[in-house]
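So you can see what is in the structure, the chains are spelled out below.
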Amino acid sequence: MGLPKRERKREPKRGRTRGRIRAGAAAVTLLATLTTLAACGGSGGDHKSKAIPGFELGPGGSGTATPSASGSATDTPPSPPPPPPDSSGGTTTTAPPAAKGQLPARVEADGATITVGNPSAKHTVLLYEDPRCEPCGVFEKVNGARLNALAQAGKLRIQYALASFVDNNDDGNGSKRAVNALRAAVEQNGFPAYHAVVFAHQPIESSDGFTDDRLLSLAAQVKGLDTPAFQAAVKSGGYLDFVTRAETAFTASKVAGTPAVRIDGELARNKVEDLEDPDLFNTLLKQHGIS
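Treat the numbers as computed from the prediction; the structure is a model and nothing was measured.

Scoring rules and cut-offs
- Per chain, the residues get numbers from 1 upward, laid out in the order the sequence is written.
- This being a predicted model, a pLDDT of at least 70 is required before a residue's local features are given, and a value of 80 or more before pairs of side-chain atoms are given or counted; all residues contribute to the totals for chains, interfaces and linings.
- Only hydrogens and water are set aside; all other atoms, that is, all heavy atoms of the structure, feed into the side-chain values.
- The criterion is simple. A nonpolar core is a set of buried Ala, Val, Leu, Ile, Met, Phe, Trp, Tyr and Cys residues joined through side-chain atoms within 4.5 Å.
- Each residue gets one of three labels from its accessible area relative to the maximum for its type: buried under 20%, exposed over 50%, partly exposed in between, using a 1.4 Å probe on protein chains only.
- Helix and strand labels come from DSSP, where a helix needs a run of H or I of at least four residues and a strand needs a run of E of at least two; each type is numbered from the N terminus.
- Here, two residues are considered to be in contact whenever any of their heavy atoms come within 4.5 Å of each other.
- Each axis is a line fitted through C-alpha atoms, and for a helix only the stretch in contact is used; angles between axes span 0 to 180 degrees, taken between their N-to-C directions.
- Orientation labels follow simple angle bins: below 35 degrees gives roughly parallel, above 145 gives roughly antiparallel, 65 to 115 gives roughly perpendicular, and whatever is left gives oblique.
- A crossing counts as left-handed when the near helix is turned anticlockwise from the far one by less than a right angle, and as right-handed when that turn is clockwise.
- Amino acids are sorted into nonpolar (Ala, Val, Leu, Ile, Met, Phe, Trp, Tyr, Cys and Pro), charged (Asp, Glu, Lys and Arg) and polar (every other residue, Gly among them).
- A residue's pLDDT is simply how confident the predictor is in it, with values from 0 to 100.
- Only strands that DSSP links by at least two bridges are regarded as paired with each other.
- Look down the strands so they point away from you; if the path from the first strand over the helix to the second goes clockwise, the crossover is right-handed.

## Regarding the nonpolar core
Then step 1. Core analysis: the largest hydrophobic core is formed by 63 residues, its most contacted members being Val125, Leu147, Phe191, Tyr194, Phe230 and Val261.
Then step 2. For this core, the element with the highest residue contribution is helix H5 (residues 174-187), accounting for seven residues.
Then step 3. Look past the residues within four positions of Tyr194 in its chain and what remains in contact with it is Ala181, Leu182, Ala185, Leu215, Leu218, Ala219, Val222, Leu225 and Phe230.

Here is the structure:
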């Protein structure tokens, strides 16, 4: 996922590999894993959102329940339209104020970006991530706590551009389901902690393992998150409008793949290995005056 100095367009490489190697499921699985760990490619692929079974995009793109393949339907009503922007340019949520020690999170006025930390912080670190992207999981495991600590200290704000293109590249709906759940976590003041838990417990990318049950199980690890409102939003696809806007914004950004980092508006040109090395990433931050 996306830095120009490293090949990130996985689709052509994967296609050539499939044409040459027929040595059995074990060999194919190993090769797919090694390719994935290089990065998750985003540009050049089909970024059109695929509907999650059981849901459709209603007027304005909001998620509404529809009959599933078995003929059943969820009984959760459609989510209300997004609330209006607040005076500082972000979107007001219905969540109570963040408790002491918790980082505040909000949805920006573009309806596609989630900001964590003080919106007036001097520096901004924008992260491009896809929940199913395994290199994104590595990045978060080695750098996530450091970034949160800097945000807690008021030195920067973290912005998340959450993509879902892996669903199209590898088939499935896990990325869309996870982004929907992450957006729902904003309303419960649980986004930073839930984001960390989700990326720390990634299923194998090719397995499409982010099911509703898995996402709800992970929510139980975050104090105060596993509420009826959160459960309803996860099960009904209540924020599929956000999922669509976020993926559209990612495509428009022209970022080649994920993980990718933009610091104070400047896209980092480092290799993925640099972003996955905490010392090298700290050096990158210091180059932008962040320490």
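## Describing the packing of helix H3 (residues 134-152) against helix H11 (residues 278-287)
Then step 1. Running from N to C, H3 and H11 cross one another at 40°; their axes reach a closest spacing of 10 Å. Of the possible angle classes, the one that applies to H3 and H11 is oblique. Handedness of the H3/H11 crossing: right-handed. Along the contact surface, H3 presents Phe139, Val142, Asn143, Arg146, Leu147 and Leu150, while H11 presents Pro278, Phe281, Asn282 and Leu285.
Then step 2. Taken together, the residues of the contact of H3 with H11 sort by class into seven nonpolar, two polar and one charged.

## A few points about the confidence of the model for the chain
Then step 1. Considering every residue of the chain, the mean pLDDT works out to 77; 66% of them sit at 70 or more.
Then step 2. For residues 1-37, every residue scores under 50 in pLDDT, and the model assigns this stretch 66 contacts once sequence neighbours within four places are set aside.
Then step 3. Here residues 43-50 scores under 50 on pLDDT; set against residues more than four positions off or in separate chains, the count is 18 contacts.

## A closer look at the pairing of strand S7 (residues 123-129)
Then step 1. The buried count for S7 comes to seven of seven residues, which makes it a mostly enclosed element.
Then step 2. Because side chains alternate across S7, one face comprises the buried residues His123, Val125, Leu127 and Glu129, and the other comprises Thr124, Leu126 and Tyr128, equally buried.
Then step 3. Note: S7 against strand S8 (residues 156-162), seven bridges, orientation parallel. Counted as the bridge partner of Val125 is Ile158 from S8.
Then step 4. In this fold, the crossover linking S7 to S8 by way of H3 has right-handed handedness.
Then step 5. Relative to strand S10 (residues 260-263), S7 is paired through four bridges, and the arrangement is antiparallel. Note that in S10 the partner of Leu126 across the bridge is Arg262.

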